[in-house]
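# Fold and geometry: a report
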Amino acid sequence: MSKKKQHNRALHEIDGIDQPKTTDGASINKIKLKRRKLPAAQEFIDHIVKGDRSYLSRAITLAESTNLKHQRLASKIITACLPYANNSVRIGVTGVPGVGKSTFIEVFGTYLTGLDKKVAVLAVDPSSSIHRGSILGDKTRMETLVNNENAFIRPSPSGESLGGVAKKTREAIVLCEAAGFDTILIETVGVGQSETAVHSMVDFFLLLKLAGAGDELQGIKRGIIEMADAIVINKADGDNLKRAKLAKLEFARALHLYPLKESTWQPKVTTCSAQNNTDIDKVWKIMEDYFALTAKSNYFEQRRNEQNKFWLLETINQQLKDTFYSHPSIKKGFDNQLEKVNNLKVTPFDAAEHLLKLYYKKSEL
């Protein structure tokens, strides 16, 4: 059959293209290794201090990693970044779920960038109990701010850390400051956990409240109120405006019952509507007054020293805890002691003492 007739048939075979030379396994492995190879610490540092967000994000990921190699690299990067850090104001934002933290932070952050501020938001998401990942996704809830060239948003899963603050938030703060961000906003989960951790990481602690939620009086709890440098009644708009003003008066009266803070600052109360973008400037004015007062009295520097002490102690505590639970003898003996406790053969205190003695004995060998 002629070639012409062959090509006129419904089914025919045509010449294909030449296949590339077969790549051997060694070459494929080399390609994979090249892709996976991490940049050197100095490359990270050079890009971070220039404000490269890609390298900043990757460095924070390294700091959050449980991989020992990643942790060592992150430690080198963070240590080298220290001379470029400590040049921002750190603001903690907390409040119960539904109070509008993410909306407030987006509007407040946008306002600050309008003042030529560079804003980094470390938004701590609640962790999924199944896969331990972030489940709210603050970047999707801050669509305007995430596209702002003077803002950087980093959601992190809170995991099991105290107060809902991500375990490596403190390292992220240093990296963001080294990248040139002069205003760091830290959003906590706000689900009733202790807020001590975030309070010990920031210069200014802001508590967001709602009016008409039935918790004006119940919410005046000594611990959280004593930590707050300002209380902002959010969603002060529409039919809620009158209730918000009433809540402002109630909280202002309550604050005057507490002794003056060590900084000599008298906590302030104000209202705003993040949804309608009103009175956001009043919130910033309160913060500016606070920073001016504490800088003049040197309390700001004293507070930073307290933060460093807290970070040091927290790191030691975490390291001791990790070392204890990862010890082979403890892994082996823990379930045995727990079974004895459940069977009422020993008390939890005796079981704990047994495990501690076992740990110290094995560690000395």
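Residues numbered from 1 in each chain as written. Predicted model: local features only at pLDDT ≥ 70, side-chain atom pairs only at ≥ 80, totals over all residues. Heavy atoms only, no water.

If you tally the helices and strands in the chain, you get 16 helices and 7 strands. Burial analysis of the chain (365 residues in total) assigns 42% to the buried set. Counting contacts in the chain only where the partners sit at least 6 residues apart, residues at least 24 apart contribute 73% of the total. Summing over all exposed atoms, the chain offers an accessible surface of approximately 21,500 Å²; the carbon and sulfur share of this is 53%. (Helix = DSSP H or I, 4+ residues; strand = E, 2+ residues; numbered from the N terminus. Buried < 20%, exposed > 50% of the residue type's maximum accessible area, 1.4 Å probe, protein only. Contact = heavy atoms within 4.5 Å. Areas by Shrake-Rupley, 256 points an atom, 1.4 Å probe, with all protein chains shown as cover.)

Right, let's talk about the nonpolar core for a bit. The biggest cluster of nonpolar side chains holds 51 residues, and the ones touching the most others in it are Ile48, Ile77, Leu175, Cys176 and Ile231. Not counting residues up to four positions away in its chain, the partners in contact with Leu175 are Ile48, Leu56, Ala59, Ile60, Ile77, Ile78 and Cys81. Counting residues in hydrophobic clusters, the runner-up holds 34 residues, among them Phe108, Met142, Ile153 and Val232. (Core = buried A, V, L, I, M, F, W, Y, C linked by side-chain atoms within 4.5 Å.)

For the rest of this paragraph, the subject is the environment of Val121. As for its position among the elements, Val121 is in strand β2 (residues 119–125). For Val121 and Phe152, which are 31 residues apart along the polypeptide, the C-alpha to C-alpha distance reads 6.1 Å. Setting aside residues no more than four positions away along its own chain, Val121 makes contact with Ile105, Met142, Leu145, Phe152, Ile153, Arg154 and Leu185.

We now examine the packing of aromatic side chains. Two aromatic rings, taken as a pair, are described by how far apart their centres are and by the angle between their planes. With the rule as written, the count across this model stands at 13 aromatic pairs. With a centroid separation of 5.3 Å and 85° between ring planes, the pair formed by Trp265 and Tyr290 is classed as edge-to-face. On the criterion of sequence distance, the pair formed by Trp265 in the loop between α12 (241–255) and β7 (268–271) and Tyr290 in helix α13 (residues 280–296) is long-range, its members being 25 residues apart. An identical accessibility class is assigned to Trp265 and Tyr290; each is buried. Cluster of aromatic residues (ring-pair linked, three or more members): Phe204, Trp265, Tyr290, Phe291 and Phe300. (Phe/Tyr/Trp six-rings, centres within 6.5 Å; stacked < 30°, edge-to-face > 60°.)

The next point concerns the environment of Ile186. In this structure, Ile186 sits in strand β4 (residues 183–187). Classification of Ile186 as buried rests on a relative accessible area of 0%. On a C-alpha basis, the gap between Ile186 and Val93 in space is 6.0 Å, while along the polypeptide they are 93 residues apart. Residues in contact with Ile186, not counting those within four places in the same chain, are Ile91, Gly92, Val93, Leu122, Thr169, Ile173, Val198 and Val202.

Scored by pLDDT, the chain comes out at a mean of 82, with 77% of its residues at no less than 70. Predicted confidence for residues 2–14 stays below pLDDT 50, and this span has 5 contacts to residues more than four positions away or in other chains. Every residue in residues 127–138 scores below 50 in pLDDT, and together they form 28 contacts with partners more than four places removed in sequence or on other chains. (pLDDT = per-residue confidence, 0-100.)

Right, let's get into the side chain of Asp203. Within the secondary structure, Asp203 sits in the loop between α10 (196–199) and β5 (204–210). Residue class for Asp203 comes out buried when judged on its relative accessible area of 3%. If sequence neighbours within four positions are ignored, Asp203 has contacts with Ser88, Val89, Arg90, Asp229, Tyr290, Phe291, Phe300, Arg304 and Gln307.

By the definition in use, this model includes 9 salt bridges. Two residues, Lys282 and Asp279, come together in a salt bridge whose shortest N-O distance is 3.6 Å. Given the relative accessible area of 29%, Asp279 is considered partly exposed. (Salt bridge = Lys/Arg side-chain N within 4 Å of Asp/Glu carboxyl O.)

Taken across its 7 residues, β5 has 7 buried, putting it largely inside the fold. Residues Phe204, Leu206, Leu208 and Leu210 of β5 are buried on one face, and the alternating residues Phe205, Leu207 and Lys209, pointing to the opposite face, are buried as well. Taken together, the 4 bridges between strand β1 (residues 89–94) and β5 define a ladder with parallel strand orientation. Counterpart to Thr94 in the pairing with β5 is Leu207. (Pairing = 2+ DSSP bridges.)

As a packed pair, helix α4 (residues 53–64) and helix α5 (residues 68–81) sit with axes 7 Å apart at the nearest point and diverge in direction by 125°. Here α4 is positioned oblique relative to α5, judged by the angle of their axes. α5 is crossed by α4, and the crossing has left-handed handedness. Where α4 abuts α5, its residues Ala59, Leu62 and Ala63 lie against His70, Gln71, Leu73, Ala74, Ile77 and Ile78. (Axes fitted to C-alpha atoms, helices over the stretch in contact; angles between N-to-C directions. Parallel < 35°, antiparallel > 145°, perpendicular 65-115°, else oblique. Left-handed = near helix turned anticlockwise from the far one by under 90°.)

So, about α5. The terminal C-alpha atoms of α5, which comprises 14 residues, lie 20 Å apart, in line with the 20 Å expected from a rise of 1.5 Å per residue. Turning to α5, its buried residues are Leu73, Ala74, Ile77, Ile78 and Cys81. Along the axis of α5, the buried residues cluster in a sector spanning 135°; they form a single face. Turned more than 90 degrees away from the buried face of α5, the exposed residues are Lys69, Arg72 and Lys76. Where the residues of α5 are buried, they touch α3 (41–48), α4 and α9 (169–178). (Expected span 1.5 Å × (residues − 1). Arc of directions from axis to C-beta.)

The next point concerns the pairing of β7. Summarising the sheet, strand β6 (residues 230–234) and β7 pair through 4 bridges and their orientation is parallel. Counted as the bridge partner of Ile233 is Thr271 from β7. With respect to chirality, the unit in which β6 leads through α12 into the neighbouring parallel β7 is right-handed. (Right-handed = clockwise from strand over helix to strand, strands pointing away.)

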